[in-house]
Amino acid sequence: MTDLEPRKGTPSPRLAEPEFRRRFLGQFQDPAYGPLLAELGRIADAAWDAYSHSRKSPHTRKAGPGFADPDYDLSVDWIAAREAIREAERRHGDPALPARILLVCGSSRSEHTCPSEMSKTFRLTELAREVFAAVDGIEADVLDLSRLGSEYGRHIHPCKACFSTSPALCHWPCSCYPNHSLGQVHDWMNEIYPLWVAAHGVMILTPVNWYQVTSPVKLMMDRLVCADGGNPDPTSTQGKDARRAKEMEMAGWDYPRHLAGRHFSVVVHGDVEGAEGVRRSLADWLTSMHLIPAGSLAEVDRYIGYWEPYATSHAALDEDAAIQEEVCNAARTLLEAVLAQREGRQVAAGAALREPRQK
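Residues numbered from 1 in each chain as written. Predicted model: local features only at pLDDT ≥ 70, side-chain atom pairs only at ≥ 80, totals over all residues. Heavy atoms only, no water.

Novice: Any chance you could explain the overall build of the protein here in plain terms?
Specialist: Helix and strand content of the protein: 11 helices and 8 strands. Computed over its C-alpha atoms, the radius of gyration of the protein comes to 23 Å, within 12% of the 21 Å expected for a compact globule of 359 residues. In terms of overall dimensions, the protein has a C-alpha envelope of 60 × 55 × 40 Å along the principal axes. Buried positions account for 45% of the 359 residues belonging to the protein. Within the protein, residue pairs in contact and separated by at least 24 positions form 76% of the contacts whose partners lie at least 6 positions apart. Of the roughly 18,300 Å² that the protein leaves accessible, carbon and sulfur atoms contribute 53%. With 40 positive and 49 negative side-chain charges, the protein shows a spacing of 4 Å between the two charge centroids. (Helix = DSSP H or I, 4+ residues; strand = E, 2+ residues; numbered from the N terminus. Rg over C-alpha atoms; globule rule 2.2 N^0.38 Å. Buried < 20%, exposed > 50% of the residue type's maximum accessible area, 1.4 Å probe, protein only. Contact = heavy atoms within 4.5 Å. Areas by Shrake-Rupley, 256 points an atom, 1.4 Å probe, with all protein chains shown as cover. Lys, Arg positive; Asp, Glu negative; His and termini not counted. Charge placed at Lys NZ, Arg CZ, Asp CG, Glu CD.)

Novice: What am I meant to see in a nonpolar patch on the surface here?
Specialist: On the surface, Tyr303, Tyr306 and Trp307 cluster together to form a nonpolar patch covering roughly 380 Å² of accessible area. Residue position: Tyr306 is located in the loop between β8 (299-303) and α10 (313-319). Note on Tyr306: relative accessible area 45%, which makes it partly exposed. (Patch = residues over 30% accessible without salt bridge, like charges linked within 9 Å, V, L, I, M, F, W, Y side chains within 5 Å. Salt bridge = Lys/Arg side-chain N within 4 Å of Asp/Glu carboxyl O.)

Novice: How do you make sense of the nonpolar core when you look at a structure like this?
Specialist: One recurring pattern in soluble globular proteins: nonpolar side chains tend to sit buried together. Formed by 49 residues in total, the largest nonpolar core has its most connected members in Trp196, Met220 and Leu282. Listed by contribution, the elements that provide at least two residues to this core are α3 (76-93), β3 (99-105), α6 (189-198), β5 (201-207), α7 (215-223), α8 (242-251), β6 (263-270) and α9 (275-288). Apart from residues no more than four positions distant in its own chain, Met220 is found in contact with Val104, Leu143, Leu145, Ile156, Met189, Ile192 and Trp196. In terms of nonpolar packing, the next biggest core, distinct from the first, is built from 28 residues, Ile304, Ala316, Ala330 and Val338 among them. (Core = buried A, V, L, I, M, F, W, Y, C linked by side-chain atoms within 4.5 Å.)

Novice: In this structure, what is going on with the pairing of strand β4 (residues 138-144)? I would like to understand it.
Specialist: Each regular strand shows side chains that alternate between the opposite faces of the sheet. In this sheet, β4 lies alongside β3 in parallel orientation, the contact comprising 7 bridges. Among the inter-strand pairings, Cys105 is bridged to a residue of β4, identified as Asp144. For the segment spanning β3, helix α4 (residues 120-133) and β4, crossover handedness is right-handed. (Pairing = 2+ DSSP bridges. Right-handed = clockwise from strand over helix to strand, strands pointing away.)

Novice: What is the right way to read the packing of α4 against helix α11 (residues 321-343) from this model?
Specialist: The description of two helices packed together rests on the angle between their axes and the distance between the axes. Closest axis-to-axis distance for the α4/α11 pair is 9 Å, and the angle between their directions is 45°. Relative to α11, the element α4 lies oblique. By crossing handedness, the relation of α4 to α11 is classed as right-handed. Of α11, the residues touching α4 (which contributes Leu124, Leu127, Ala128, Val131 and Phe132) are Gln324, Val327, Cys328, Ala331, Arg332, Leu334 and Leu335. Per-class residue counts for the contact of α4 with α11 are 10 nonpolar, 1 polar and 1 charged. (Axes fitted to C-alpha atoms, helices over the stretch in contact; angles between N-to-C directions. Parallel < 35°, antiparallel > 145°, perpendicular 65-115°, else oblique. Left-handed = near helix turned anticlockwise from the far one by under 90°. Nonpolar A, V, L, I, M, F, W, Y, C, P; charged D, E, K, R; others polar.)

Everything listed is a geometric property; what it means functionally is a separate question.
This is the structure we're talking about:
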């Protein structure tokens, strides 16, 4: 008989109270907090109580009809995320509404924090956005992942790999966050999931960081695992009951593809290496989730200022009219694929290079 007992044995990360308090209070180093030390001490007491009793989801309500266990206490945070996704699904499926494109700007560089300069990726994203903005019946959302490094309280927490225990344990949307007892809050993914769901086309633009996608892109990718085979009913596993999830998987898992059928485009740029590999890995990832390649012209990997100084890389982009036009062509190719799908027709070869319909 298959052994479905979850394997244990890693060291516990639990903190003793003194270390917990040191870490918790360490976020209040600004002298402005000085007069509030007594108040902060009481807040630290409350935080320790939440941590020591593992109150991950302090606010819950009964799941209600439509769930395997209507009496299960579901996190109100998760319920709100699910409702946002269901509304996005409704918008996605309504042919009377404009087609939606999600533009993902994958660079972590921003003029609003340490780098002190905008990214070339953002400039390329703006070129693509202008292509969509010029077309009637298209609305584009820009997801600028540089905000992870430049905006207060903006996080994408790491994937905890529930799927590797069992796909039934990986809930759609992700139920791992927020975890209030661990201070793992302000998770951006509950806003990002509906953007992907509502989109008819997704265009990812990213630089190469050490032969790989950027860390913000990878965080988003990993947290999208629940969109590809994840369980839409946490009550079926009584939350995070690993043994129950394994039993469900072994009984037969239907592997729901929550983002299937959307078209995609990928634009990757680098300065010395890795652009082709990153472009291929992104395209493979999206295809494995049953998104549809918009066409060869929608997948671009190029170098800007190859082996030239970083200090003049924006000037190199200014002079590189070819890459600018290729990005616009990638956007047009995605646009044509989305419009063709919405209108129930096939994409003609080279159609994306025609001038788009103007507003």
